[in-house]
Each structure stands twice: as structure tokens, then as C-alpha cells.
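Chains, contacts and geometry: an overview
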Amino acid sequence: MSERTLGKHWWTLNGHLGVVGKLSAFVLALALGVITGVVWLSPSGATPGPLRTAAEKQLLRDKADLEAILADRDDEIENLRTSQEKAAAERAAGARSGTQKAAAAKAAAQEKAAADKAAAQDQGKAKAAAEKAAAAAKGRQKAAADRAAAQARSQQKAALERQLAAARGEAEGAAIRAAVAQAQVEFARQAAAARAEAAKPVRPTAPPRDAIVHPTHRYFGLYTAQSPFSWSEFDEVTSVVGAQPDLGGYFQGWDSPFRPDAVTRSWTKGVLPMVTWESRPMAASNGQPTEPEYSLPRIIDGAFDDYLRQYARDVAALGLPVAIRLNHEMNGGWYPWAEQGTNGEQVNGNNRGDFVRMWRHVHDIFEAEGANEHVLWVWAPNVVNNLPKLNQPLEYTRSLYPGDEYVDWVGLSGYYRPPYDADQTPTFSWTFDRSLEQLRAITDKPILLAEIGASETGGGDKPAWVTDLFEALARPQNADVVGFAWFHHTVTTISGGQRVTNDWRITSREDSQRAFVDGIRRSSAGFGTGS
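My aim in this report is to walk through the structure given alongside it, one point at a time. Along each chain, the written sequence defines residue order, and numbers are assigned to residues from 1. With the structure being a predicted model, the display of local features is reserved for residues of pLDDT at least 70 and the display and counting of side-chain atom pairs for 80 or more, all residues being used for whole-chain, interface and lining totals. Only hydrogens and water are set aside when side-chain values are computed; all heavy atoms of the structure are taken into account.

1. Observations concerning the overall build of the protein
Heads up, the rule is: A run of H or I in DSSP becomes a helix once it reaches four residues, and a run of E becomes a strand once it reaches two; helices and strands are each numbered from the N terminus. When a residue's accessible area, from a 1.4 Å probe over protein chains only, is under 20% of the maximum for its type it is buried; when over 50% it is exposed; and in between it is partly exposed. Only heavy atoms matter for contacts: two residues are in contact if any of them lie within 4.5 Å across the pair. Per-residue and other accessible areas were derived by the Shrake-Rupley procedure at a 1.4 Å probe size, with only the shown protein chains allowed to occlude residues.
Within the protein, the regular secondary structure consists of 13 helices and twelve strands. Each of the 531 residues in the protein was classed as buried or not, and the buried ones make up 37%. Within the protein, contacts between residues separated by at least 24 positions form 75% of all contacts whose residues are at least 6 apart in sequence. As displayed, the protein has an accessible area near 29,000 Å², and 56% of this comes from carbon and sulfur atoms.

2. What to know about the environment of V383
Of note, V383 is situated in the loop between β7 (375–379) and α10 (394–399). We classify V383 as buried; its relative accessible area is 5%. The sequence separation of V383 and L436 amounts to 53 residues, and the corresponding C-alpha distance is 8.4 Å. Other than its neighbours up to four places away in sequence, V383 contacts L412, S413, G414, T431, F432 and S435.

3. Some thoughts on the side chain of E456
Which entries qualify depends on this criterion: Within 3.5 Å is the distance limit for a polar contact, defined as a pair of N or O atoms, with the added protein rule that one can donate a hydrogen and the other accept it, and that residues adjacent in sequence qualify only through two side-chain atoms.
Assignment of secondary structure puts E456 in the loop between β9 (447–454) and α12 (462–473). Reaching out from E456, the side chain makes a polar contact with the side chain of S508 at a distance of 2.5 Å. Side chain to side chain, E456 and S512 meet in a polar contact 2.7 Å long. Not counting the four nearest positions on each side in its chain, E456 is found in contact with K462, D503, S508, R509 and S512.

4. Description of the sheet that holds strand β6 (residues 322–326)
Filter applied, for reference: Strand pairing requires that DSSP identify at least two bridges connecting the strands. The axes are straight lines fitted to the C-alpha atoms, using for helices just the contacting stretch, and the angles between their N-to-C directions are given from 0 to 180°.
Around the barrel, eight strands lie side by side as β3-β4-β5-β6-β7-β8-β9-β10; this closed barrel has parallel pairing. Sheet twist, expressed as the mean angle between neighbouring strand axes with direction ignored, is 30°. In terms of strand pairing, β9 meets strand β10 (residues 481–487) through four bridges, oriented parallel. Across the sheet, the residue bridging to I452 is W486, located in β10. Of the strands in this sheet, β4 (247–253), β5 (272–278), β6 and β7 touch helix α8 (residues 305–318), which is tilted by about 180° from β5.

5. So, helix α13 (residues 510–520)
Among the residues of α13, S512, A515, F516, V517, G519 and I520 are the ones counted as buried. Where the residues of α13 are buried, they touch β3 (219–223), α5 (232–241), α12 and β10.

6. With respect to the packing of aromatic side chains
Each aromatic ring pair is described using two quantities: the centre-to-centre distance and the angle formed by the ring planes. Operational definition: Pairing of aromatic rings covers Phe, Tyr and Trp, the last counted by its six-membered ring, and requires centre-to-centre distances within 6.5 Å; plane angles under 30 degrees mean stacked, over 60 mean edge-to-face, and any other angle means tilted.
Inspection of every chain in the model, using the stated rule, returns 38 aromatic pairs. Measuring from centroid to centroid gives 6.4 Å for F251 and F487, while their planes differ by 90°, and the two rings are edge-to-face. Of the two residues, F251 is situated in strand β4 and F487 in strand β10; the sequence distance between them amounts to 236 residues. Classification of F251 by relative accessible area gives partly exposed; the value is 27%.

7. Section: the environment of E369
Structurally, E369 can be placed in the loop between α9 (354–368) and β7. Since its relative accessible area comes to 22%, E369 is described here as partly exposed. Sequence spacing of E369 and A317 is 52 residues, and the spatial spacing of their C-alpha atoms is 9.8 Å. Apart from the residues lying within four places of it in its own chain, the contact partners of E369 are R309, A312, R313 and A316.

8. Looking at the pattern of salt bridges
The following threshold applies: Any carboxyl oxygen of Asp or Glu within 4 Å of a side-chain nitrogen of Lys or Arg constitutes a salt bridge here.
Enumeration over the complete set of coordinates arrives at 17 salt bridges. For K462, the salt bridge identified is with E456, shortest N-O distance 3.9 Å. Accessibility classification places K462 together with E456 in one group, the buried group. Salt bridges here are not isolated pairs; linked through shared partners, they connect E456, K462, R509 and D511.

9. Regarding the layout of surface pockets
In this approach, a probe sized like a water molecule rolls over the atoms, and the result shows the empty space that is left. Spelled out, the test is: Note on definitions: the grid is 1 Å and covers protein atoms alone; a cavity is a set of points where a 1.4 Å probe fits but cannot get out; a pocket is an open set with protein on both sides within 12 Å along at least five of seven lines; lining residues have an atom within 4 Å of a point. Grid points are joined across faces, edges and corners, and a volume is the space filled by probe spheres set on the points. In this classification, Asp, Glu, Lys and Arg are treated as charged, Ala, Val, Leu, Ile, Met, Phe, Trp, Tyr, Cys and Pro as nonpolar, and every other residue, Gly included, as polar.
Size it by volume and the largest pocket reaches roughly 1,400 Å³. In terms of lining residues, the largest pocket is bounded by 47 residues, among which N286, W334, Y335, R417 and T493 are the most central. Those elements that provide at least two residues to the lining of the largest pocket are β4, β8 (409–416) and β11 (490–495). The greatest single-element share of the lining of the largest pocket, amounting to five residues, is contributed by β11. Each residue belonging to the lining of the largest pocket can be placed in one class, and the counts come to 19 nonpolar, 21 polar and seven charged.

10. Overview of α8
Note the cut-off: Multiplying one less than the number of residues by 1.5 Å gives the expected span of a helix. The arc in question is traced by the directions running from the helix axis to the C-beta atoms.
With 14 residues, α8 ought to run about 20 Å at 1.5 Å a step, and its terminal C-alpha atoms sit 20 Å apart, in line with that. Along α8, the residues that are buried comprise D305, Y307, L308, Y311, A312, V315 and L318. With its buried residues spanning 160° around the axis, α8 presents them on a single face. Exposed and facing more than 90 degrees away from the buried side of α8 are D306 and A317. Downstream of α8 by a residue or two, G319 has a phi angle that is positive, lying close to 75°.

11. Let's talk about the pairing of β7
Just so we agree on the cut-off: Viewed with both strands pointing away, a crossover whose connecting path from the first strand over the helix to the second turns clockwise is right-handed.
When you tally the buried positions in β7, you get five out of five residues, the bulk of the element. The two faces of β7 match: V375, W377 and W379 on one face and L376 and V378 on the other face are all buried. Alignment of β6 against β7, held across four bridges, turns out to be parallel. Bridge pairing links A323 to L376 in β7. Traced from β6 through α9 to β7, the parallel crossover comes out right-handed. With two bridges joining them, β7 and β8 adopt parallel strand pairing. Looking at β8, one finds that V378 is bridged to W409.

Structure below.
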């Protein structure tokens, strides 16, 4: 609708003519009627008269204006009616379509509202998405910045930690290197100590001294070329004989110190070591009785005291038993510690009684150094059968004996050897009886046949001599013999002005070996080996 229709005229009320409008229209129509009557009743009639007056002219003009106004009013009334009809028609149409319009409007409004809501939602979503995207972008930027900052901090921290770790590592490395160096030093020390300990002979055990001096069975002793420093030949004899030797003999001169390894190795094998200790250089020949530097008077006067004291200290320090056969075969004339030789001549400047004085001097030094509790002193002359006549009597043998307080065992060196006397037999009695009688006359100490053997040279009776040896040891009169030490060597010497090679070995010949094996396994022989 136009604004005029929407505004309504004053003479209308709700689109219809009101009371005032109707009254005005009536007055106007009455005025027009009056004017029209006046005009038609005026004298002029239809005949032209004179010219009308000014009043008449004005009246005509007012009439014409009023007619025009009425015409306008009719038009307006027609228009108003038409407008009212149209409005009524429109209102009717509007009434008819109001519901539809209202529904459409409502639908439109709802659609618009939904659209607005959707738009708003979309806008909200878009805004939220935008805000979310912006927030995400901002978050990503912040996260990136945080990550960059964290990475920077991490890198700084890592760099600092690397520096600290490097410093700690350097310090720890230095500490570790120092610890390793210390550990290496300690390991080297321990290894050196272990090597030194390993280099020491393992300290074995040994029976008490009294049990050694007074054994429950006879000693089977053996001298071999290298024992106790090598047991190869010693073990070979053991294997052949079928009996384990329990005494091992070896030799030493006064030009060498005490050998604790010899004693330790012997006891490790269960063998009593017996050193034949000669007051001369080890390399000296048996045919050389003159050794002025080693004369008995010089020994008695103390020329060798320092050596003897050190030797005794070493024996005491080791603390294992050892038998010492000091200056053996002193009643012969072939060693520089003999007092007299053939026809009673003096040997090496020695005087009568010097041998006993020398023995006691050495023994007293050992006593002073605490060594005698570990030493078995073995006084061992040679059998008297083959000695010079002046050296055979009991009196001469007795003159060489130091006394029971200086001796633990008395012994003999005795061989079946050439040159054979016309009355000689391959028997134990011919070889040992006279000498055993002298020993028993001098002392009741246990007797050790300290060096024995039989030669294959000459009569060929070695097997018989060996057999008789074991038979004699089974006799009651020889019960004081605590054993023997067999000289398992082959030696070339001068005998009776002739060079003679004697094979003293147990295994020199099959029949000799068999005789030895049979004899030592006899239970009556007392060696404790059995059959």
C-alpha cells in the first residue's frame, strides 16, 4: 500500500465516510444547488443581456471553482470508494491469504530464522573454526616457539650437560685411569707375589724327628745322578723295583750354600733327604786327598765359620728335617779330612783328634743357630776290610767318633767290588760284619748302611751278593740296621793302581735286578713293601 492509503483522511474512519464527512458533503451539495437555482432564475434567461456585473462574474468564477471542487470531490469520493472497495477486496484477500501469508511469513521467518540461525551457526562455526584455526595457528606458533625455546633450552642444557659430562668424564676418566693404574700396580704386585710364592717350593709335611730316627720299617734309600733336582731316574728305578724309595741321597761341597729346594723337593715326594756334605770343593777328585785350604785345623780355627753359620741359619729357616752325612769315610786315606793314610802318614796337615774337634765345632755352630732340631747327624766310616792295616783296628775307628751327643745315626759305606781278596765271598758277612762289630762296640745308635752297591766287574757274583744282603737283614742280629742307601751309579775309578769301571746300578743286569726285586719285597727284610 501507498503511504496515502496507510495514512487515511480525516473524513474517513477506518476507510469509510464519517459523520463529519457526510455532513460536509451534504452542505457542499446544498450550496451548489442554491447557486445553480440562482443562476437559472436570474433575469437574463436565455436572451443575452447586457454584460454581467463584476459581482456576477465573481459569482460565476466561484461557481466554476466550486464545481471544479465538487468534481474533484466526486473524483476523490470515487477514488475513495474505489480505494475502499479495493481495500476491502484487499482486506478480504488479505483475510483469505492472511493465514497463508502468516504461515508463509512464519515459514519465511522460520526459514529466515533457520537461515539466520544456520548462517549464525555457520558464521559461529566459521568464526569458531576461524577462532579455532587462529587458536590452532597461534597454538602451533606458540608450540613451535615453545619447541624452539625448549629445543634451544635443551640444546643449551645438552651443551651444558655435555660440558659437565665432559668435565665429569675427564675427572672420572682421570680417576678411572688412576684407579686402573693403581689396580695394575696392585695386580702386578700380587702377580709378582704369586709368582714368587709359586716359585717357592710348596712346603710339605714331614714326620717328627724322633719318628725319623727310629722308623717303624727300614729305609730304602737311593742315590741317582740328578735326584733330588730331577726324579726321572729315581722314578724309573721305583717302577722297575716296584717299591718307593723313602730316602734320597745327594752330594754337596763346602763351596756351595744350603739347598732348601733339595730338601723341600725330597719331602714333597715323601723322601728323607740325606746330603753327603764334604769339606772340599764339589768338583774335587776322589783321588786328590790334599786340599790345604780345607784342612781340619783351618776349619777348627774358624776359617769357615761364616759359611757354616749361614748354612745352619738356612736349615733352621726352612724347618724341615735333613740328614747330614758329614765328611764320610773319614777312616780311609783318600779324602782331605782323613787323619792318616797308608803307613800312618799325615793327610792334608791334619792331626790326630782333629776330625772329632772339627765335627764338634760344626755341630756346635748348628746348635747355636737352632738348626740341630732339624738335622740328623750321620757319622759313616768306610767298611774296614779294604783299608790300610793301620786304619782297620777298632781303636782307630773309635778315635774318630765324636760321641753319642753329636751323632744320631752311625753308618757304613760298603761295596762288593774288585779287586777281590782270595778269601772274599759275595756275602753280606764278608762285606759288613767286621765293621758292624766295631760300630756296635762304639755305640748303640741306629745303623744306616749309608752307601752300598755291588759291581758286575770281576767274579760275576752280584746277584748272589744282593740276595744275601736281604737275607742278612732278616736276621735278628741285624735288627739295629734301619736301612740302606743304594749307590745307583756307574763310576770309573782307580783301584789297585788300575782304572776300573764299576756298574753299581740295581738295573745293571737282569739277574741282578731280579735278585734285588725279590729281596726288597720279602716281608722278612723289613722294608714295608710286601710282595
